Amino acid sequence: MNLLKEVVNRASKLPNIGYKLEDPDFKESHYGKTLSKHVSECCEISSQVCRIFGLEDRFVKFSDILCSLHDLGKLHPNWRLDTRNVKHSLRGEDILKRLKGDVLSELTGLSKEEQSLLIFMVRKHHMALRLKDFKEFQNISWLNDKPELSIGYADSFGAFKLADFASSIGMGERILEVLRKEWPSEDSITSLFYKIDLEKLSYQRRISSSLSHVALTAPTGWGKTAVGILSSIISSPVKLFYALPTITAIRKMSDKLRKLLGMSDPITVGEYFYFVDVDLFKDSGDDEEESRLLDFYRLFVPKINLITVDQLLLPFMRAGKYHMRRFELRRSVVVIDEYHLLPAPMIGALAEVLGFYVPLYKIKVVLMTATPSSAYREVLISSLKNCKVYDLSEEYGKLRRHRMELIGGIEDGLELVKNLVDDGKRVLVILNTVKRARDFYKKLDIPSKLLLHSRFTVNDRYEKERSIEEVQVLVSTQVAEVSLDVSFDSLISDPAPIPSIIQRAGRVNRYGGENVSKPNIYVMENIESPEPYYKLEIDYSLDVLKKFAPKLENEGEKVYLEMLKEYDGLVHDYLLSEVNSYREKLRERVFKGNQLAALSLDEESLIRDLRGEANVLVVPSCYEEKVRELLARRREASSYEEKVRLWAEIKGYLVPVELWVALKHGKDAEGIPLKVIREGDGTYDPELGLLLKEAE
């Protein structure tokens, strides 16, 4: 704060400035808070945040200076909270430019290069630090060949942004409490595990205590989640980032972790993915604290952050404002669960990120999978350098949870479901496409049934996920394939690649509590199309299943290892080539040179690139008027909070589809910047989802 007053004093003596700066002790920067008070809070919060995350002294100092001077322009006599007709960031930039050189050096102790960086950040402190804006600040080029230095300054900017946010909403102390919060004891956690196997628990603790990174392979239901949790408790990191492959898995995991860790405060365990706001605001009404949770989650404030892998990668890949929160990953434990399910470009991105940032940020990484891909594992372990491999594949040999049988086609599957339900069994049906799942569901004459796939509105999908435990039959696509901690009695599945078949089987008799005397895994041989897989994958999978499935009865699930070995040998070289190709492209585009600036690519473009697919949102015609009305209200909304809430409500009525579906079936609509699926092209049913008129 003293620095701010000294700068104001020197600026008042500048010739030709044209106005007199007001007193920061009296000028309000936020309602009920003077600029002096805001600056003082920012400096205090930023200093503590920087220390907690281990930033070097030079970056702590830089963040403190930025906190002191970022709102300097608000002291312009024409700037007022109620009008804001003066762009304070530009006014602050102008004043600092006039002081740049000996005067600003005397006041701040910054070099000329650092002064340019400070001025740039003052100007851009409400925006992303994009490359295109560097043309005006040529002196920042001194960071081009100093990636680690540029990361330090970017992270000091991130600490400032968190402090600015915390002070503006009066949540500084609460956020610092979260950062300082101690992890619960091991005993208090393990006492709450679903089942305690003392031998297994001892091994889980030994893995979690490893000082090196961990690559763990173990069957579904073995307790890999326990290793991720215990790794955080034993390592005492600042935070835990738990990356899961699906949104459904994240939402299930958040409830489990809040219970296990005794962290009921919603700011302590957070989840962040594209649609998190829909569920978050659904029942919150106008509660201001509830409306702030999205900001907490978006900024990675919680002690535990449950996220998708793309949300983990985006800060490191400098997408938009994402890299302002990158510093939050310093001194953390990062768990990447079921990594074998990720597309090759995402594995390539992970390998580059881990190799570049893990040593710099002192991150501990835990890689976990039930069905490893040797190509993926080789690449990720190599990038980590010091990684201990725990391969518990032999645990499959101890398991007798499954017997498998190949059956004919859909009609056989339908009859089998009825028979199993009559015997009191809970049945999971997983089919490869939305159309097959929907057709199967419609033909199924069972009162207690549920259909789940990707082409529901977000609102309807959330409601369905809440009902999974209550129904006797769940008919689904691959969205139910992984990370759901639910157990069914039987599975009926389309043929799929061997790792997917094993993952699907992992939803059945999950904890081995039932003695298996009859088949409980059924794979239908006859399908009209291999989509979304290649025909070679399906043909190969069926050959392997015919050869090995009969052995499950006598040899147990170690047979799965034989299946995986054959499949892995087929795809290893292809996957490795795909991963390395993307990795080289990424290295040149993202990790070369200055790491301060955000990339010009937006978040959605990067995600499409990482996932290797183009998904977009469309509006079903039954919700067209509702969406148009909400969009109009959003355009007229005056506050940021109201705009955020309205956008979350809008998203609840949208359906994610492949880009080709939107282009083929969608229509342009006045007042709606999204494609609308209208009558003639498709309809929408809350029970069945998006129904397209033509074959899908």
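Notes on the structure follow. (Residues numbered from 1 in each chain as written. Predicted model: local features only at pLDDT ≥ 70, side-chain atom pairs only at ≥ 80, totals over all residues. Heavy atoms only, no water.)

1. Describing the sheet that holds strand β7 (residues 333-337)
Sheet architecture is open: seven strands sit in the order β5-β6-β4-β7-β8-β3-β9, paired in parallel fashion. For this open sheet the edge positions go to β5 (269-272) and β9 (387-391), each flanked by a neighbour on one side alone. Each strand of the sheet is rotated relative to its neighbour by a mean of 15°, with strand direction disregarded. The pairing of strand β4 (residues 240-244) with β7 spans four bridges and is classified as parallel. Bridge assignment links Tyr 242 to a residue of β7, and that residue is Val 335. Each of β3 (213-217), β4, β7 and β8 (364-369) touches helix α11 (residues 224-235); the most contacted strand, β8, lies at about 170° to it. Helix α17 (residues 374-384) contacts β3, β8 and β9 of the sheet and is inclined by roughly 145° relative to β9. (Pairing = 2+ DSSP bridges. Helix = DSSP H or I, 4+ residues; strand = E, 2+ residues; numbered from the N terminus. Axes fitted to C-alpha atoms, helices over the stretch in contact; angles between N-to-C directions. Contact = heavy atoms within 4.5 Å.)

2. Quick look at the sheet that holds strand β19 (residues 672-677)
With mixed pairing, the four strands of this open sheet are ordered in space as β17-β16-β19-β18. The sheet terminates laterally at β17 (655-658) and β18 (666-669), the two strands that pair on one side only. Shown here is a sheet whose adjacent strand axes are inclined to one another by a mean of 55°, direction ignored. The sheet contact formed by strand β16 (residues 615-620) and β19 spans three bridges and is parallel. Across the sheet, residue Pro 620 finds its bridge partner in β19, namely Ile 677. Relative to β19, helix α26 (residues 624-636) is tilted by about 175°, and along the sheet it contacts β16, β18 and β19.

3. Brief notes about the pattern of salt bridges
Under the defined criterion, the tally for this structure stands at 39 salt bridges. We note a salt bridge from Asp 494 to Arg 436, for which the minimum N-O separation is 2.6 Å. Of the two residues, Asp 494 sits in the loop between β14 (490-493) and α21 (498-505) while Arg 436 sits in helix α19 (residues 434-443), which places them 58 residues apart along the sequence. Of the charged contacts in the structure, one is a salt bridge between Glu 562 and Lys 551, with a shortest N-O distance of 3.7 Å. On the criterion of sequence distance, the pair formed by Glu 562 in helix α24 (residues 558-589) and Lys 551 in the loop between α22 (535-548) and α23 (552-555) is long-range, its members being eleven residues apart. Glu 562 gets classed as partly exposed once you look at its relative accessible area, which sits at 28%. Ionic contacts of the salt-bridge type, sharing partners, join the residues Glu 624, Glu 625, Arg 628 and Arg 678 into one network. (Salt bridge = Lys/Arg side-chain N within 4 Å of Asp/Glu carboxyl O. Buried < 20%, exposed > 50% of the residue type's maximum accessible area, 1.4 Å probe, protein only.)

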